[in-house]
Amino acid sequence: MEPGLEELMPRLLPVGDCDLAEDFDPTVPPRTPQEYLKRVQIEAARCPDVVVAKIDPRKLKKKPTVNISISGCQPAPEGYSPTLKWQQQQVANFSAVRQSLNKHRNHWRSQHLDSNVTMPKSEDEEGWKKFCLGERVYSEMDALSDNENLGIDYMKVGFPPLLSIVSRMNQATVTSVLEYLITWFGEKNFTPELGRWLYALLACLEKPLLPEAHSLIRQLARRCSEVRALEESKNEEQISALNLIICLVSRYFDQRDLADEP
């Protein structure tokens, strides 16, 4: 360091000349405070003024794993954009569902689950996907045969989001399951089973939103708009379900930049 700069910078460890043994060896552990401070001075003097990081250019060629989008939702197909009155009504209905759920949560939590209902652990992503969607949707199996329709096998068709089930889910589990289903939806088609669970999980999501939940529901709304825009058959029931989720994310959870504007 230049003498002029050293005068402007106070020493953090001001060490004057001190009597050190003639056999002082800076490579061995210090035995006294003076030896320790002297060793620090020697090591600091050996440090270069400028350090250049060594970067392997091959590692920079890998594609980034994080994809962040700040764009809004894609518009609804012509003739299928929801009216403002319809959106306001859906928000009012959703608000009433949330209030009822919060009011009766303890009651439903105390109800016994059927013997065939085993809720997966919060971190069991594959278990929750199968639990919510059923093996038929999750594994993309063919529709149930007539013989199988005689009785409901929830392992195949998925468990519905019963109040006795969702009332047992804490916020960490709600957020985790929401993430699992959104991840699945990112590469798969929209199904009624998925729609029911997304609505129920949104109803359980507490406000104000945590950053993770905030990012998840925005991702969900954008994905719904993508699927809606690519809907070739113009299935009114499915488009209405997608409109509903976009409406709740944008207007109930205050993500107005994602809202459908009539």
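Please refer to the structure higher up on the page.
Here the structure is a predicted model, which is why all the values come from computation and not from measurement.

A. Main features of the nonpolar core. If you look at the biggest cluster of nonpolar residues, it comprises 49 residues, and the most contacted ones within it are Leu 181 and Trp 197. Listing elements by their share of this core, those giving two or more residues are α3 (84-109), α4 (125-138), α6 (163-166), α7 (171-185), α8 (192-204), α9 (211-229) and α10 (236-252).

B. Structural view of the packing of aromatic side chains. Summed over the entire model, instances satisfying the criterion amount to eight aromatic pairs. A ring pair is formed by Phe 94 and Tyr 199, whose centres lie 5.3 Å apart and whose planes are at 80°; its orientation type is edge-to-face. In this pair, Phe 94 is assigned in helix α3 and Tyr 199 in helix α8, connecting sequence segments 105 residues apart. Ring centres of Trp 128 and Phe 131 lie 5.3 Å apart, and the angle between their planes is 75°; this geometry places the pair in the edge-to-face category. Of this pair, Trp 128 and Phe 131 both sit in helix α4, three residues apart, which is roughly one turn of the helix. Among the residues examined, Trp 128 registers a relative accessible area of 1% and is labelled buried. Over the ring of Tyr 252 we find Lys 207, and its NZ or CZ is 4.5 Å from the ring centre. Positioned above the aromatic ring of Phe 185 is the side chain of Arg 223, whose terminal nitrogen or guanidinium carbon lies 5.3 Å from the ring centre.

C. Geometry of the environment of Leu 209. Relative to the assigned elements, Leu 209 resides in the loop between α8 and α9. The spatial distance from the C-alpha of Leu 209 to the C-alpha of Phe 253 is 8.2 Å, given a sequence separation of 44 residues. Setting aside residues no more than four positions away along its own chain, Leu 209 makes contact with His 214, Ile 217 and Phe 253.

D. How the structure looks around the pattern of salt bridges. The full count for this structure, using the stated rule, is seven salt bridges. Lys 129 is the salt-bridge partner of Glu 125, the closest N and O atoms lying 3.0 Å from each other. Linking Glu 125 with Lys 129, this pair stays in helix α4, spanning four residues, or about one helical turn. For Asp 260, the salt bridge goes to Arg 228, with nearest N and O atoms at 2.9 Å. Here Asp 260, found in the segment after α10, pairs with Arg 228, found in helix α9; they are 32 residues apart in sequence, far enough to count as distant. Given the relative accessible area of 6%, Asp 260 is considered buried. Taken together, the salt bridges that share partners define one network made up of Glu 125, Glu 126 and Lys 129.

Reading the values: rules and limits
- Residues numbered from 1 in each chain as written.
- Predicted model: local features only at pLDDT ≥ 70, side-chain atom pairs only at ≥ 80, totals over all residues.
- Heavy atoms only, no water.
- Core = buried A, V, L, I, M, F, W, Y, C linked by side-chain atoms within 4.5 Å.
- Buried < 20%, exposed > 50% of the residue type's maximum accessible area, 1.4 Å probe, protein only.
- Helix = DSSP H or I, 4+ residues; strand = E, 2+ residues; numbered from the N terminus.
- Phe/Tyr/Trp six-rings, centres within 6.5 Å; stacked < 30°, edge-to-face > 60°.
- Lys NZ or Arg CZ within 6 Å of the ring centre and 35° of its normal.
- Contact = heavy atoms within 4.5 Å.
- Salt bridge = Lys/Arg side-chain N within 4 Å of Asp/Glu carboxyl O.

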